[in-house]
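# Residue-level structure breakdown
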Amino acid sequence: MANDLYVYAQWQYSAYGDFVISEGKIFFINCRNLPVSLDIRQGTAEIVSGIKGYKEALLLGVIEKTVQSNGKIYGFESRGENMLIYDPAENCCWCKELNYHQEDWGNALLITPYADDIYVFPKYMDFIYKIDTKTDQVIKIDNPTYAGMDRSVSAGVNDGRVYFFQRGGDKVTEYDLCSGQCRERSLPRKLGNLVCAQYFEGFFFLLCRDGSLMSWDADGNVLETLIYPFARDENPPYFSMCTVTKKNIWLLPDIGEDIYVYCRESQELKKYDGYPEGFAYQMTEEWGKYLTAHEYRDTYYHDMHSANCILCIDKNSGDEKWIKPSVPGRVEECQYYIESGCPVILQEAELPLEKFIEAVGRM
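Attention in this report is confined to the structure presented alongside it. This one's a predicted model, so the numbers in the text were calculated from it and none came from an experiment.

With that settled, consider the overall build of the chain. Within the chain one finds 5 helices and 28 strands. Its C-alpha atoms give the chain a radius of gyration of 21 Å, near enough to 21 Å, the size a compact globule of 363 residues would have. Reported as C-alpha extents along the three principal axes, the dimensions of the chain are approximately 70 × 50 × 35 Å. Taking as baseline every contact in the chain between residues at least 6 positions apart, the subset at least 24 positions apart corresponds to 44%. Accessible surface, the chain: about 16800 Å² in total, of which carbon and sulfur atoms supply 45%. Counting 36 positive and 55 negative side-chain charges, the chain places the averaged centre of each group 3 Å from the other.

Structure, rendered in structure tokens:
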């Protein structure tokens, strides 16, 4: 559980799987379920204090996906059992029960906003959830094509349509978010063991766990290989995602050790070596290094699922920069739990003496 105060590590405060960006700030819920606001320019982060009703959120499991819609932020548990809803304008939150749980994580193929709704595509269920963000009503949608679809897929989104690419197969299922229509299409040839599908300027870029990369033109149904396999294709995968710019394509590792950059003009692939001083991956080899990226003012910002820095890539030039933020730690967490009215297990060494005495006095 996220609120297990007997076991904690420093990496849990900076590690997060997803985030939203607005007004120059990244908002994420870390692995301890603390709500954090990070200033992009200053590189400073602080726990968002005073959120009414956040005590309930602290008791949830780890938040795996975060979506912003209609002025609110929606966090989805990795177990697929609950949804957290945060209204920044009112600085309050509440939770709502969902039901698409099967495993401890990875229970959704995709969670994506569209218009005033959020769509949840469960991996192990035969239905689709539509969340009306005006009312927060959860609507269950039955779709025979989706129900019969192979769930071993990677999903990508473009222009109100979701594309589910079959791993190791030659099929793609297209779901229209506006009409609700779903159809299966055939590809020119079979795909590899996909881990990521990203849309960029007319093409889907399909990355496999072994580093092979293809581009697919949905209109002309043309599939082109850009990079051939060069990493070990094992379970878990070497790579987790790609980030496409006008100049290059970044291949980001899952359990692999290295980032690779593909130059679109020269068609050369090189191992990246421009890490900032003090850069490190903080996790074990079983923990994925990168999960997602979001665009903000022509820059892609990546999560810190394992890295201690945020990778930022310019959409046009393909150039990178790194942000090494200062993040709240155990002291701030203890204070936050106390202020939220949650029980906390404190040891004297965890807080400065004056803070420890103050905290004990407020219990």
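The structure having been displayed, the exposition proceeds.
Here we come to the layout of surface pockets. Put simply, the second largest pocket is a space of about 300 Å³. Looking at the second largest pocket, it is lined by 13 residues, and the ones nearest its centre are Ser 22, Lys 25, Phe 27, Ser 37 and Pro 88. Elements represented by at least two residues in the lining of the second largest pocket include exactly β1 (19–22) and β2 (25–29).

When you line up the elements, Asn 30 lands in the loop between β2 and β3 (35–39). The class of Asn 30 is buried, set by a relative accessible area of 2%. One polar contact links the side chain of Asn 30 to the main-chain amide nitrogen of Arg 32, over a distance of 2.8 Å. There is a polar contact of 2.9 Å between the side chain of Asn 30 and the backbone nitrogen of Leu 34. For Asn 30, the contacting residues outside a window of four places in its chain are Gln 12, Tyr 13, Ala 15, Tyr 16 and Val 36.

This part is about the packing of aromatic side chains. Pairs of aromatic rings are described using the distance from one ring centre to the other and the angle between the two planes. Per the stated rule, a full pass over the model turns up 31 aromatic pairs. Where Tyr 100 meets Tyr 129, the ring centres are 6.3 Å apart and the plane angle is 70°; that geometry is what we call edge-to-face. Within this pair, whereas Tyr 100 is found in the loop between β8 (92–97) and β9 (108–114), its partner Tyr 129 is found in strand β11 (residues 127–132), the two being separated by 29 residues in sequence. Comparing Tyr 100 with Tyr 129, the two get one shared label, buried. On the basis of an interplanar angle of 80° and a centroid distance of 5.4 Å, the ring pair of Phe 121 and Tyr 175 is categorised as edge-to-face. In this pair, Phe 121 sits in strand β10 (residues 117–122) while Tyr 175 sits in strand β15 (residues 171–176), placing the two residues 54 residues apart along the sequence. An identical accessibility class is assigned to Phe 121 and Tyr 175; each is buried.

This part takes up the nonpolar core. Proteins that are soluble and globular tend to have nonpolar side chains buried together. Cys 242, Ile 249, Leu 251, Ile 259, Tyr 290 and Trp 322 are the most contacted members of the largest nonpolar core, which totals 29 residues. Breaking this core down by element, the ones donating at least two residues are β17 (194–200), β18 (203–208), β21 (239–244), β22 (248–253), β23 (260–263) and β27 (310–314). In this structure, Val 20, Ile 63, Leu 84 and Tyr 337 belong to the second largest nonpolar core, which totals 21 residues.

What follows covers the environment of Gly 43. Mapping Gly 43 onto the fold places it in the loop between β3 and β4 (45–47). In this view, Gly 43 contacts Ile 323, Lys 324, Pro 325 and Ser 326; residues no more than four positions away in its chain are not counted.

The next thing to look at is empty space enclosed by the protein. Taken as a whole and judged by the stated rule, the model has 1 cavity of 30 Å³ or more. Approximately 40 Å³ is the volume attributed to the largest cavity. Lining the largest cavity are Met 149, Asp 150, Val 153, Phe 164, Gln 166, Lys 171, Thr 173 and Glu 184. Among the secondary structure elements, those contributing two or more residues to the lining of the largest cavity are β14 (161–166) and β15. Residue classes in the lining of the largest cavity are distributed as 3 nonpolar, 2 polar and 3 charged.

The sheet built from 4 strands is open, its strands ordered β21-β22-β23-β24 with antiparallel pairing. What marks the edges here is a single partner per strand, and that holds for β21 and β24 (269–271). Taking each pair of neighbouring strands and ignoring which way they run, the sheet shows an average axis angle of 20°.

On to the pattern of salt bridges. A full pass over the atoms with the stated rule returns 13 salt bridges. Residues Asp 104 and Arg 79 are paired through a salt bridge, measuring 2.8 Å at the closest nitrogen-oxygen approach. Note that Asp 104 is positioned in the loop between β8 and β9 and Arg 79 in the loop between β6 (72–77) and β7 (82–87), a separation of 25 residues in sequence. Measuring nitrogen to oxygen at the nearest pair gives 3.3 Å for the salt bridge that ties Glu 174 to Arg 185. Of the two residues, Glu 174 is situated in strand β15 and Arg 185 in strand β16 (residues 182–186); the sequence distance between them amounts to 11 residues. A relative accessible area of 6% means that Glu 174 is categorised as buried. Several salt bridges converge on common partners, so that one network encompasses Arg 161, Glu 174, Asp 176, Arg 183 and Arg 185.

On to the state of the cysteines. Applying the stated rule across the entire model yields 0 disulfides. Free of any disulfide, Cys 208 has its nearest cysteine sulfur in Cys 242, 10 Å distant. Residue Cys 208 is classed as buried on the basis of its relative accessible area of 1%. As a non-bridged cysteine, Cys 312 has Cys 309 as the owner of its nearest cysteine sulfur, 9.7 Å distant. Given the relative accessible area of 1%, Cys 312 is considered buried.

Thresholds applied
- Residues numbered from 1 in each chain as written.
- Predicted model: local features only at pLDDT ≥ 70, side-chain atom pairs only at ≥ 80, totals over all residues.
- Heavy atoms only, no water.
- Helix = DSSP H or I, 4+ residues; strand = E, 2+ residues; numbered from the N terminus.
- Rg over C-alpha atoms; globule rule 2.2 N^0.38 Å.
- Contact = heavy atoms within 4.5 Å.
- Areas by Shrake-Rupley, 256 points an atom, 1.4 Å probe, with all protein chains shown as cover.
- Lys, Arg positive; Asp, Glu negative; His and termini not counted.
- Charge placed at Lys NZ, Arg CZ, Asp CG, Glu CD.
- 1 Å grid on protein atoms, 1.4 Å probe; cavity = no way out; pocket = protein on both sides within 12 Å on 5 of 7 lines; lining within 4 Å.
- Points joined across faces, edges and corners; volume = space filled by probe spheres on them.
- Buried < 20%, exposed > 50% of the residue type's maximum accessible area, 1.4 Å probe, protein only.
- Polar contact = N/O pair within 3.5 Å; in protein donor to acceptor, adjacent residues only side chain to side chain.
- Phe/Tyr/Trp six-rings, centres within 6.5 Å; stacked < 30°, edge-to-face > 60°.
- Core = buried A, V, L, I, M, F, W, Y, C linked by side-chain atoms within 4.5 Å.
- Nonpolar A, V, L, I, M, F, W, Y, C, P; charged D, E, K, R; others polar.
- Pairing = 2+ DSSP bridges.
- Axes fitted to C-alpha atoms, helices over the stretch in contact; angles between N-to-C directions.
- Salt bridge = Lys/Arg side-chain N within 4 Å of Asp/Glu carboxyl O.
- Disulfide = S-S within 2.5 Å.

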